[in-house]
Amino acid sequence: MLVSATEMLKKAVDGKYAVGQFNINNLEWTKSILATAQENSSPVILGVSEGAGKYMTGFKTVAAMVKAMIEEMNITVPVALHLDHGTYEGCYKCIKAGFSSIMFDGSHFPIDENVAKTKELVTIAHAMGLSIEAEVGSIGGEEDGVVGAGEIADPEECKKIADLGVDFLAAGIGNIHGKYPENWAGLDFDALAKTKALIGDLPLVLHGGTGIPSDMIQKAISLGVAKINVNTECQLYFQEATRKYIEAGKDLQGKGYDPRKLLAPGAEAIKEIVKEKMELFGSIGKA
Ligand code: 13P
């Protein structure tokens with residue numbers, strides 16, 4: 001069922017686990033993630049970047065597809081449809097399109113502007129029954145054109161944004177979108193602990209979930225992270241499985257060219273990595 005992410009993340013904070021946000025790009029991605037959540041009784045968040053929304057012809061298409069798939073696939077676990085790194089305009093579009101959750105990424109604005117815009121969007125999102133995530137301190141790297149320097153969030157600024165009534169908060173702690181470089185310094189747990197001490201039980205969000213070692217994921221969860229975003233890893237699994245299929249010449253055998261056959265190994269590979277992440281995050285059986 002389509003729900004906001006508020007309740008599932010409150011439960012995650014209490015239960016000391018995290019819910020995965022898996023980004024979607026098309027029907028296959030969405031189907032694999034929904035099926036895995038249902039098979040494993042796990043709550044799930046479907047993330048949609050503005051670029052992916054555009055690729056799928058617009059947020060209205062995405063919302064209609066997700067709602068119909070939840071119904072046709074008999075998905076009974078809690079599913080949130082969430083805008084990832086939304087602009088101010090993108091947030092309004094997703095509210096109108098029927099998303100159940102939005103992220104306003106005002107991290108590149110001066111803090112006062114981030115506060116003002118976040119505050120306005122919190123009021124509107126809540127009036128419409130959506131949950132809202134905000135961001136302080138940017139996530140490093142690049143995702144669908146959103147580029148960040150990777151600053152560590154100032155805990156005082158986190159508190160300012162938390163006090164606006166956001167439902168969960170992304171605080172940059174050295175995490176990076178995409179693959180991590182060899183010389184990555186790791187997550188800044190001191191900054192995370194300081195922020196946690198100021199914001200209490202507000203769920204924290206860890207972006208850049210791809211490639212973070214398991215022990216760091218577990219420590220982050222123990223310090224209040226209740227939502228972890230994964231995008232690149234699903235793409236890599238899909239790519240690898242598709243490459244194998246083609247390199248083995250399977251697309252040339254029989255009706256191996258049928259798109260439903262051609263895309264099947266990638267779709268299965270996404271299910272495998274999503275399940276692995278749900279196990280690591282501790283969300284299995286928590287629906
Ligand atoms: P990765 O692509 O590094 O998994 O990050 C995903 C993310 O943070 C989406 O906002």
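Refer to the structure presented above.
Read on for a plain summary of the structure. (Residues numbered from 1 in each chain as written. Predicted model: local features only at pLDDT ≥ 70, side-chain atom pairs only at ≥ 80, totals over all residues. Heavy atoms only, no water.)

**Here's the deal with the site of the ligand**
As a matter of local geometry, the ligand sits amid 15 residues, with D84, G208, T210, N231 and T232 nearest to it. A distance of 3.0 Å separates an oxygen atom of the ligand from a polar side-chain atom of H207. Here T232 contributes a side-chain N or O atom positioned 2.5 Å from an oxygen atom of the ligand. Computed on the free molecule, the ligand has an accessible area of 300 Å², of which 99% lies beneath the protein chains in the complex. Each residue belonging to the shell around the ligand can be placed in one class, and the counts come to 2 nonpolar, 11 polar and 2 charged. (Near = heavy atom within 4 Å. Polar contact = N/O pair within 3.5 Å; in protein donor to acceptor, adjacent residues only side chain to side chain. Areas by Shrake-Rupley, 256 points an atom, 1.4 Å probe, with all protein chains shown as cover. Nonpolar A, V, L, I, M, F, W, Y, C, P; charged D, E, K, R; others polar.)

**Let's talk about unusual backbone geometry**
For S41, which is not glycine, the phi torsion reads 50° and is therefore positive. You can see S41 is positioned in the loop between α2 (27–39) and β2 (44–49). Despite not being glycine, H85 shows a phi value in the positive range, around 50°. One can find H85 in the loop between β3 (79–84) and α5 (88–97). (Helix = DSSP H or I, 4+ residues; strand = E, 2+ residues; numbered from the N terminus.)

**Side note on the packing of aromatic side chains**
Under the definition given, this model contains 5 aromatic pairs. Ring geometry for Y88 versus Y92: centroids 5.4 Å apart, planes at 70°, classification edge-to-face. Placement of the pair is Y88 and Y92 together in helix α5, with a separation of 4 residues, close to one helical turn. By relative accessible area, Y92 is classed as partly exposed at 28%. The ring of Y17 carries the charged tip of K286 above its face, separated from the ring centre by 4.7 Å. (Phe/Tyr/Trp six-rings, centres within 6.5 Å; stacked < 30°, edge-to-face > 60°. Buried < 20%, exposed > 50% of the residue type's maximum accessible area, 1.4 Å probe, protein only. Lys NZ or Arg CZ within 6 Å of the ring centre and 35° of its normal.)

**Some points on the side chain of T36**
Structurally, T36 can be placed in helix α2. Assessed through its relative accessible area of 1%, T36 is described here as buried. In this structure, T36 is in contact with K271, V274, K275 and M278, ignoring residues within four places of it in sequence. (Contact = heavy atoms within 4.5 Å.)

**What to know about a negative patch on the surface**
On the surface, a cluster of negative charge is contributed by E268, E272, E276 and E279. Among the structural elements, E268 can be located in helix α12 (residues 264–281). (Patch = residues over 30% accessible without salt bridge, like charges linked within 9 Å, V, L, I, M, F, W, Y side chains within 5 Å. Salt bridge = Lys/Arg side-chain N within 4 Å of Asp/Glu carboxyl O. Lys, Arg positive; Asp, Glu negative; His and termini not counted. Charge placed at Lys NZ, Arg CZ, Asp CG, Glu CD.)

**Notes on the layout of surface pockets**
Considered as a void within the structure, the largest pocket measures approximately 270 Å³ in volume. Along the walls of the largest pocket sit 21 residues, with D105, S107, H108, V146 and V147 positioned nearest its centre. Among the secondary structure elements, those contributing two or more residues to the lining of the largest pocket are α3 (50–55) and β7 (146–148). It is β7 that contributes the most residues to the lining of the largest pocket, 3 residues altogether. Class assignment for the residues of the lining of the largest pocket results in 4 nonpolar, 11 polar and 6 charged. Here the second largest pocket is characterised by a volume of approximately 220 Å³. Around the second largest pocket, the lining residues are L27, E28, K31, S32, A35, P259, R260, L263, A264, A267, E268 and K271. Contributions of two or more residues to the lining of the second largest pocket are made by α2, α11 (259–262) and α12. For the lining of the second largest pocket, the per-class residue count stands at 6 nonpolar, 1 polar and 5 charged. (1 Å grid on protein atoms, 1.4 Å probe; cavity = no way out; pocket = protein on both sides within 12 Å on 5 of 7 lines; lining within 4 Å. Points joined across faces, edges and corners; volume = space filled by probe spheres on them.)

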